[in-house]
Structure formats: structure tokens, C-alpha cells
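Spelled out from the first residue to the last, the chains are:
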Amino acid sequence: MGIARLADVIKEEAAEAVSSFPLRQYRDRVIALDASIAIYQFRTATPKLFNRNGENISHLQGLFYRTLHLLENGIKPVFVFDGQPPDLKQPLLARRAEAAGARRDAAESRRAENLPRPLKQDCETLLSYLGVPYVQAPAEAEATCAALVKSGKVWCTATEDMDALPFGSLRLIRHLNSKNNCEVEEFSLPDILQKLGMTQEQFVDLCILLGCDYCGKIWQLGPKKALKLLQQHGTIEQVLQNIDPQKHPLPANWDLEGARRLFLQPEVADPGRITLEWRDPDPEGLVRFLAHEKHMNEARVCRRLQRWQEAQPKPEEAQPKHQAPREGRKQRKLGEFFPASKHARPPEVRGVRARPPGTRGARGMAQGIILC
DNA sequence: ACTCTGCATCAAGACGTA
DNA sequence: GTAATTGATGCAGAGT
DNA sequence: TACGTCC
């Protein structure tokens, strides 16, 4: 669940490091998202959606709508999937699993944090048809997101929890998906460090004291004291020498070094070996996959795709406005997929049967990415 | 006063229509 | 008859 | 905007 109250601390103590921008500010930006968190959100959102086979397809519908929303706003998303959670996180996961009820068998709870494979495959398939790249992280997704930002391949990490900052993501944005023109909130890591007067190492120490996923908290040491003491003494070790150990007992099995190492030298995918590529969504493939294979309502899928199509900038006005490198985004004429129907007529089987020659899109399947 | 903790509560994702 | 997740938020209370 | 529906 990230770092407890880190956002509050930053807003209070380093307000200048936080700014708000309208969504359009991020046009043509590459943004990394934690796929597992997003999917988990969709799955736990109520009410759950079941198709006629009784399969929960909340994740597909959610990912479909949300990704198109990003694409419509000119954002280039990269989804990063969690890998193996670090050992230090096991106690936390075990606690969560236990809280989730003793009903689950041990085998399932052990990998509770990982998405079930078919679920993940569904999402990868969907992303491929959407033309959106994804990355498999070896461990924590947020860590790989941060590495991608540091490498320059990605502009920022979009996430609701703050882990990406101690992992070193230079920019972090929140509320990317909020509805009514709510502004996006951007945290600048360099500004945070400067305002707090801390190095990245000290900032990581701060996050550990605030309470992270990897080790327990020190009793009676909340955000205010933690910040002040760290600014005063520099490291957790120094802080410990200046507080009363009776009043501030350490948690059992407190692996300070381990937690630090996970933040400062996390296991991440090598950005240099990752190629990010975006393609236009493949409407035909999407209808086939979502509606026919997964039994989402076909009319809805088509309507949404049509809305996306209409939101596409016309080729001629797309050119002069932005000088931004339109790398690899070939503008495909989409009219061919939707025989221009003025009034959205739902109940037809469209787009699927009508397959113009030469547009057998499904090759799009290939273009997720790759590597870890 | 200020700070931290514990407990209760509530809303959750996105669309479309009224 | 019948389930029931997670986390953000606000308020009460206790320790400093 | 508030609320009901999605499958």
C-alpha cells in the first residue's frame, strides 16, 4: 500500500514540489502505469461484471475503457506488470492473505499478489490489440517504472501510491484517471529532495520511517517526528542514537538494510533492452476478442471504439499543431472499420464481418513488448 | 497544543440516460 | 438465505 | 448532476 502518508508529508513540507496540470499537458508524453494495481482495482470494484459464462471480466472492461481514454488524450501509456514480490514483502502479503480469510488454501495465498495467469494473459492480449506496449517487471512494478523514467524512455509514473518516489521516479503523477476535468497532480522528486534538504538515500530513510511495505514501523514515530529527526541527524542509525529506545521500541525482525537495498538497488527490467512502440488500436481484433471471445456487450465495444475513432485528430490538423515527435504512430484511416453510421446503431454485428481486404489486423497481436 | 493511534464509516470503474 | 474487498477520511482518546 | 446499468 505504498508509503503511509508520504503524500501528506510532501504537500505540507515541500508544497512547491507538487503542481497540478490539466490532462492535455501530458499529450504525447510516455507514461508508465502499474498494470497490476489497475487491474486489481477493476477486479475489486463493485459491482463485478460477469459474462454469460460466469467469468469475471471487470478487468477487461476497465482496462479497455481506461486505456482508450488515455489514448484519446494523446497519452502514450506503458503498462508494467508486477513480477515476483521481494521476500521482505512476504510478511505483509501473508497478513493480507490472512485478513482475506482463512478460506483460501495456502498455495493461493502465497502468490496472492500475483495476478492469476489467465487474467494477465487476457490483459496482455487486450493491450496488444489496443496497440499499447507493456513490460514485465522482474519484481516490483513501481521499481521498473522508476527505472524507465530515469532512463528517459518514460516521462513519468502514474500511480496512486507513492512507492515510485523512493524507487527514484523523477516524476510521479496521480489522479490520471479522475473524471470531471480534475487536474493531474504531479510530484517532482528533485524538487522534493531540494525542499526537504535531503539526499535520495535520506528520503528513502524517511519513507522507511513513515512505514513501507518491507519492514515495520518504529512505535510512536509518526511523520512529523520522523522528518524532523532525519533532517537533524541524517540517517536512521543516527536518529536511533538520539531517541529513547524505551519509548520507541523497534519492531521485531527489523531489516533496515534490506528495505534500503530494495528501494535503492531494486531488481528492475533493463530499460536499454526495452523497445516501446505504439500502434493504432485494431478495432476488428478488439471486437473479436472482447465481444466474441469474452462476451462483452458488442454494441458497447463498438460504440466506444467509434467514439475513439471520432476523437482522432484529422491527419491534416494533426501535423502543424505539435512539433512533438510523432514517433512510430502511423495514422491509419479508420473509416474502413466503421461503415460511417451517423447514428450509433448498436445491435448490428459490425466491424467483424465487414472485413475489408488487406486489413487483417490481428497481426497486432505481436506488438506488445517483450523482454524483461 | 501537537502528534500518533484506533475505530467507524463509506465508496469503489465507466457509461448512458433522465 | 446469502455473501463482504481495500483504503481514504474523520473523530475520539491518550501520550508527549 | 445523480442514478441505474453493464454481463
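What you are looking at is a predicted structure, and each value in this text was computed from that prediction instead of being measured. Counting of residues starts from 1 at the beginning of each chain's written sequence and follows it residue by residue. Starting at A for chains and at 1 for ligands, labels are handed out in the order in which the entities are written. Only residues with pLDDT of 70 or above have their local features reported here, since the model is predicted, and side-chain atom pairs are shown and tallied only from 80 upward, although totals for entire chains, interfaces and linings are computed over all residues. Note that water and hydrogens are dropped before the side-chain values are worked out from all heavy atoms of the structure.

Engineer: Give a detailed account of the packing of helix α6 (residues 117-130) against helix α13 (residues 283-293), specifying residues and quantitative values.
Structural biologist: Under this scheme, a helix contributes an axis fitted over its contacting stretch, all axes are lines through C-alpha atoms, and angles between N-to-C directions fall in the 0 to 180 degree range. Helix numbering and strand numbering both begin at the N terminus, where a helix is a DSSP run of H or I of at least 4 residues and a strand a DSSP run of E of at least 2. The contact between α6 and α13 brings their axes to 9 Å, and the two run at 160 degrees. Judged by the angle between their axes, α6 and α13 are roughly antiparallel. Taken as a pair, α6 and α13 cross one another with a handedness that is left-handed. Of α13, the residues touching α6 (which contributes Asp 122, Thr 125, Leu 126, Tyr 129 and Leu 130) are Gly 285, Leu 286, Arg 288, Phe 289 and Leu 290. Grouping the amino acids of the contact of α6 with α13 by side-chain chemistry returns 6 nonpolar, 2 polar and 2 charged. Each angle gets one of four labels, with under 35 degrees taken as roughly parallel, over 145 as roughly antiparallel, 65 to 115 as roughly perpendicular, and the rest as oblique. A clockwise turn of the near helix away from the far one marks a right-handed crossing, whereas an anticlockwise turn of less than a right angle marks a left-handed crossing. Residue contacts are counted whenever heavy atoms from the two residues lie within 4.5 Å of one another. Just so you know the grouping, Ala, Val, Leu, Ile, Met, Phe, Trp, Tyr, Cys and Pro go in nonpolar, Asp, Glu, Lys and Arg go in charged, and all remaining residues, Gly too, go in polar.

Engineer: I'd like a description of the nonpolar core, backed by residues and values.
Structural biologist: For this analysis, a nonpolar core means a set of buried residues of the types Ala, Val, Leu, Ile, Met, Phe, Trp, Tyr and Cys, connected via side-chain atoms within 4.5 Å. We call a residue buried when its accessible area falls under 20% of the maximum for its residue type, exposed when it is over 50%, and partly exposed in between, using a 1.4 Å probe and counting protein chains only. Ranked by internal contacts, the top residues of the largest apolar core, which has 44 residues, are Leu 165, Phe 187, Phe 203, Leu 206 and Ile 208. For this core, the elements supplying multiple residues, two or more each, are α1 (6-13), α7 (141-151), α8 (189-196), α9 (200-210), α10 (223-233), α11 (236-240) and α12 (256-264). Of all the elements, α9 adds the most residues to this core, at 7 residues. Not counting the four nearest positions on each side in its chain, Ile 208 is found in contact with Cys 215, Gly 216, Ile 236, Trp 254, Leu 256, Ala 259, Arg 260 and Phe 263. Among the nonpolar cores identified, the runner-up in size contains 42 residues, and Tyr 26, Phe 64, Leu 115 and Phe 289 belong to it.

Engineer: Just give me the short version of the pairing of strand β6 (residues 171-174), but keep the residues and values in it.
Structural biologist: Note that strand β5 (residues 156-158) and β6 share 2 bridges and pair parallel. Among the inter-strand pairings, Thr 157 is bridged to a residue of β6, identified as Leu 172. Both β6 and strand β7 (residues 184-188) contribute to a ladder of 4 bridges, which runs antiparallel. Each bridged residue has a counterpart across the sheet, and for Leu 172 the counterpart in β7 is Phe 187. Two strands are said to pair when DSSP picks up at least two bridges between them.

Engineer: Requested: an account of the pattern of salt bridges, with residues and values cited.
Structural biologist: Just to be clear on terms, a salt bridge is a Lys or Arg side-chain nitrogen sitting within 4 Å of an Asp or Glu carboxyl oxygen. Scanning the entire structure with this criterion turns up 11 salt bridges. Between Arg 260 and Asp 205 there is a salt bridge, with its nearest N and O atoms 2.7 Å apart. Pair noted here: Arg 260 is in helix α12 and Asp 205 is in helix α9, with a separation of 55 residues, a long-range link. Accessibility expressed as a relative area gives 12% for Arg 260, which makes it buried. The salt bridge partner of Glu 237 is Arg 260, with a shortest N-O separation of 2.8 Å. Here Glu 237 is found in helix α11, whereas its partner Arg 260 is found in helix α12, with 23 residues between them in sequence.

Engineer: Give a detailed account of the domain arrangement of chain A, specifying residues and quantitative values.
Structural biologist: Accessible area lost upon the coming together of the parts is a frequently used measure of interface size. Residue ranges assigned to each domain were obtained from an automatic or database domain assignment. We note that the domain assignment places domain 1 (6-194) and domain 2 (198-264) within chain A. With 17 residues of domain 1 in contact, the opposing surface of domain 2 contributes 17 residues. Note on domain 1 versus domain 2: buried area summed over both sides is about 1,600 Å², and carbon and sulfur give 65% of it. If you sort the residues of domain 1 by the area they bury against domain 2, Leu 88, Pro 166 and Leu 193 come out on top, with a joint share of 41%. Of the charged contacts, one joins Glu 12 and Lys 224 as a salt bridge, the two residues approaching to 2.1 Å between their closest N and O atoms. Residues adjacent in sequence count toward polar contacts only when both atoms are side-chain atoms; beyond that, a polar contact is any pair of N or O atoms within 3.5 Å, and within protein one must be able to donate a hydrogen and the other to accept it. Seen at the junction of domain 1 and domain 2, the total is 5 residue pairs in polar contact (both at pLDDT 80 or more). Elements represented by at least two residues in the side of domain 1 that touches domain 2 include exactly α1 and α8. If one sorts the elements of the side of domain 1 that touches domain 2 by residue count, α1 sits on top with 4 residues. Looking at the side of domain 1 that touches domain 2, its residues break down into 11 nonpolar, 1 polar and 5 charged. Take the accessible area each of two parts loses on contact, using a 1.4 Å probe, and add the two losses: that sum is the buried area.

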